[in-house]
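Residues per chain are reported as follows:
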Amino acid sequence: MTILIDLGQTPLPDPSGVDEDRPRAIDPALPRVDRIFYAGARAVGVLVLLIMGAIGVFLGVQSIPTFKRYGLSFFTQNQWLPERDILGISAVLLGTFTVAVVALAIAFPLALSVALYISEYAVPRIKGLLVSMIDLMAAIPSIVWGLWGFFLLQPRAINLAHWLNVNLGFLPFFHVDTDPNAPVWAQSRYAASAFIAGIAVSMMVLPMAAAVMRQVFSQAPLGEREAALALGSTKWGMIRTVVLPFGRGGIIGGTMLSMGRALGETIAVVLIISPSFDIKFRPLEVGTSTVSALIAGRFGEATSAQLSALLTAGFVLFIITLIVNTLAATIVSRSRSGAVTD
Amino acid sequence: MTDQLDFRENPQEANAGILPVAEPDHPRATKSRTQDDLFSFVGAVAGALALDWLLYTKILPFSGTLGFLVLWYCLFLALFAGATAVGNPSQVVVDRVVGAAIRGAAALVFFALFTSIMFTFVRGFPALTHLNFFTKDMAGVRPTDALSRGGILHAVLGSVIEIGIAIAVTLPLGVGTAIYLNEVGGRFSKVVRTLVEAMTALPSIVAGLFIYTILIVMLGISRTGIAAAAAISVMMLPIIARSADVVLRVMPGGLREASLALGASKWQTVRQVVIPTVRSGLATALILGIARGVGETSPVLLTSGASTYTNVNPLQEPMNSLPLYVFSAVRSGEPEFIARGFGAASVLLALVLILFVITRFLARQKVGKR
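Computed from a prediction, not measured in an experiment: that's the story for all the values here.

## Details of the overall build of chain A
Working step 1: In terms of regular secondary structure, chain A is built from 13 helices and two strands.
Working step 2: For chain A, the C-alpha radius of gyration of 29 Å lies well beyond 20 Å, the compact-globule estimate for 342 residues.
Working step 3: The principal-axis extents of the C-alpha atoms in chain A amount to approximately 115 × 65 × 35 Å.
Working step 4: Per-residue burial over chain A gives 53% buried out of 342 residues.

Laid out in structure tokens, this is it:
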């Protein structure tokens, strides 16, 4: 506009004869089809909001009687004995975290390696194939990983667990409460453990972490990669100084996303573990329980009060998963690499 | 590519013999694998094998194929590092060892994927060879009966019906939400997006427990296919809405703006520009969500009940489904029934693989169009 006014200062031939510039009136009314479209889209949005919100509110409201009834002891009690009115989730929460920690301890290095392999080491020709194989791995039903863990992995993993106990049993988390050097070692003490369930869960959550990491790694700036190589860096030197720092947000975020999934995993865990409600951190030893396994095992015979307690346990699990996922999303989006990630 | 080839085919004609004909440019081979690389690798593999054999069979009290392979790999890494250290600076040693370790770990993951698929099909093969496995249900069949009796027809039909209802509910809602979030927007849409992203954290078992409490305990509906479909829908809706949202969000804004600038209404833009552009990506995301929904056991475990007979009415009577059938079969402890479970798991896995191949096909179409 200013330019126009400046131009207007030069004498015009006949100012009175020309109409002044006026903004054209823009008709703000939308076409009817658009009004219908906006209304429909908003309606869907509101409906989904209501459904999702109702679930969250319902879980929260259902938890109130339980918290009133048991108070803080709901978090400190480890037994789940509805017939004696003793309920608590400390043991199952610990079990949930044990399985998730084992799963992440295995999934993290493997996911990082796979992501680095696909983005840095693999021949370009097979990259697409490898990426879709990771996607396929994510699509494999959890029950199949459960079968894999129970029938294929367990008979082999107990040997590994035994070996760890014999040689590294002085570390508290490799200890198993049995005589490791007995002439015939007690195989059943090493089966159905959080360790084996954790391996199965790790295979389930690994593709998610690997996919996020690979995507971030592939966005590492080419100029910086080439600069590192031009300065005489080896391939690993380039990865260590360019790709990994650039992808740090994706590494942490992807790992936490997969942790969110690991916390809620049910079927593979139910298939493998034998339920136990002891407070212990001995992943190699038989018996553990997770929140989701508790729900799957106990919902059938539950009275309405117990059902509310189970819902509360589920609500606590949901809140934990929600916090982990939100943190992960924040880390991925805040990091330098996250700006273009989706 | 064609342009370059056409240009180089007749350089003489273009020059008309005046200028000397330049050699066509060749990219320099950047992948320089030296003999040192090759020999230290081969030597380390062979040396590790020999040393492993010696340690394993003669010195250490170990046994088992798995341990042998693990020890071989560890020895290989050590020998590879040692062989490289002769005449190479430490950076090269680290580079080679880390490279070998990363390749090894990646191979391990793909091996695990391969074993899980092969194991399921191999163990499921005895059941799959019987035709009645696909055409009969389990009505009147005892768990101990031979594989020539009974089948999984009821579970297949149940899975198809339940996932069909879930798709009919979640697909319009999920895609509609994504369109709302991206095409309509506004302050309120941020609330919806936040909530949808939050609900993707809902563990599937909690979704099942929610439906179980509401429909079965509170409203007194018995365990039916519709309850299972509702549980699957609750689980799938955030996943589908979120992945559709991600697909729509990466669509280039220029196309949208060009359409609006040409005078198209918002609805015309969505229908004729946005949807056709993202169609293949959208289909891929949706099918992956469906694959997730069809394989998930925990929602149906709580809500559908396990029938042994064929039931195609989702409103009445329990209805079995493939994941639930697999779960109850392998927990029964009967060898014949476990074999059936693996057969059903193979069918489920094949279903997921087919869905997956379809997504790859759609994704490739997208690349071809560009």
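## Focus on the nonpolar core
Working step 1: The biggest cluster of nonpolar side chains holds 203 residues, and the ones touching the most others in it are A:Trp80, A:Leu116, A:Phe217, A:Leu310, B:Leu202 and B:Leu209.
Working step 2: At 18 residues, helix 4 (residues 90-121) of chain A tops the list of elements feeding residues into this core.
Working step 3: Taken domain by domain, the makeup of this core includes at least three residues from each of domain 1 (35-126) and domain 2 (153-363) of chain B.
Working step 4: Residues contacting B:Leu209, with those up to four places away along its chain left out, are A:Ile295, A:Phe299, A:Leu307, A:Leu310, A:Leu311 and B:Leu302.

## Quick word on helix 6 (residues 142-168) of chain A
Working step 1: Between its terminal C-alpha atoms helix 6 of chain A stretches only 31 Å, short of the 39 Å expected from 27 residues at 1.5 Å a residue.
Working step 2: At A:Leu153, helix 6 of chain A shows its maximal kink, close to 60°; a proline, A:Pro155, follows between one and four residues later.

## Quick look at the interface of chain B and chain A
Working step 1: Contact with chain B, which involves 82 residues of that partner, is made by 74 residues of chain A.
Working step 2: Buried area between chain B and chain A, both sides added, is near 7100 Å², and the carbon and sulfur share of it is 83%.
Working step 3: In this assembly, chain B and chain A are joined by zero salt bridges.
Working step 4: Inspection of the region where chain B meets chain A yields six residue pairs in polar contact (both at pLDDT 80 or more).
Working step 5: The element that contributes the greatest number of residues to the side of chain B that touches chain A is helix 5 (residues 90-128) of chain B, accounting for 21 residues.
Working step 6: Among the residues making up the side of chain B that touches chain A, the classes are represented as 59 nonpolar, twelve polar and eleven charged.

Reading the values: rules and limits
- Here, residues in each chain are numbered from 1, in the same order as that chain's written sequence.
- Starting at A for chains and at 1 for ligands, labels are handed out in the order in which the entities are written.
- Thresholds applied to this predicted model are a pLDDT of at least 70 for local features of residues and 80 or more for the giving and counting of side-chain atom pairs; totals over whole chains, interfaces and linings are not thresholded and use all residues.
- Excluded from the side-chain calculations are hydrogens and water; all other atoms, namely the structure's heavy atoms, are used.
- In this description a helix means any DSSP run of H or I spanning at least four residues, a strand means any run of E spanning at least two, and both kinds are numbered starting from the N terminus.
- A radius of gyration in this sense is built from C-alpha atoms; the matching globule rule multiplies 2.2 Å by the number of residues raised to 0.38.
- The buried label applies to any residue whose accessible area, calculated with a 1.4 Å probe on protein chains only, is under 20% of its type's maximum; exposed applies above 50%, and partly exposed to all values in between.
- In plain words, nonpolar cores are sets of buried Ala, Val, Leu, Ile, Met, Phe, Trp, Tyr and Cys residues tied together by side-chain atoms within 4.5 Å.
- As used throughout, domain bounds are those supplied by an automatic or database domain assignment.
- Residues are treated as being in contact if the distance between any of their heavy atoms lies within 4.5 Å.
- By this rule, a helix spans an expected 1.5 Å times one less than how many residues it contains.
- At any given residue, the bend is defined as the angle formed between two axes, one fitted to the seven residues that end at that position and one fitted to the seven that begin there.
- Put simply, buried area is how much 1.4 Å-probe accessible surface two parts lose in total, over both of them, once they are put together.
- Each reported salt bridge corresponds to a side-chain nitrogen of Lys or Arg within 4 Å of a carboxyl oxygen of Asp or Glu.
- Two N or O atoms count as a polar contact when they lie within 3.5 Å, although within protein this holds only if one can serve as hydrogen donor and the other as acceptor, and sequence-adjacent residues are included solely when both atoms are side-chain atoms.
- Residues are sorted three ways: Asp, Glu, Lys and Arg are charged, Ala, Val, Leu, Ile, Met, Phe, Trp, Tyr, Cys and Pro are nonpolar, and all the rest, Gly among them, are polar.

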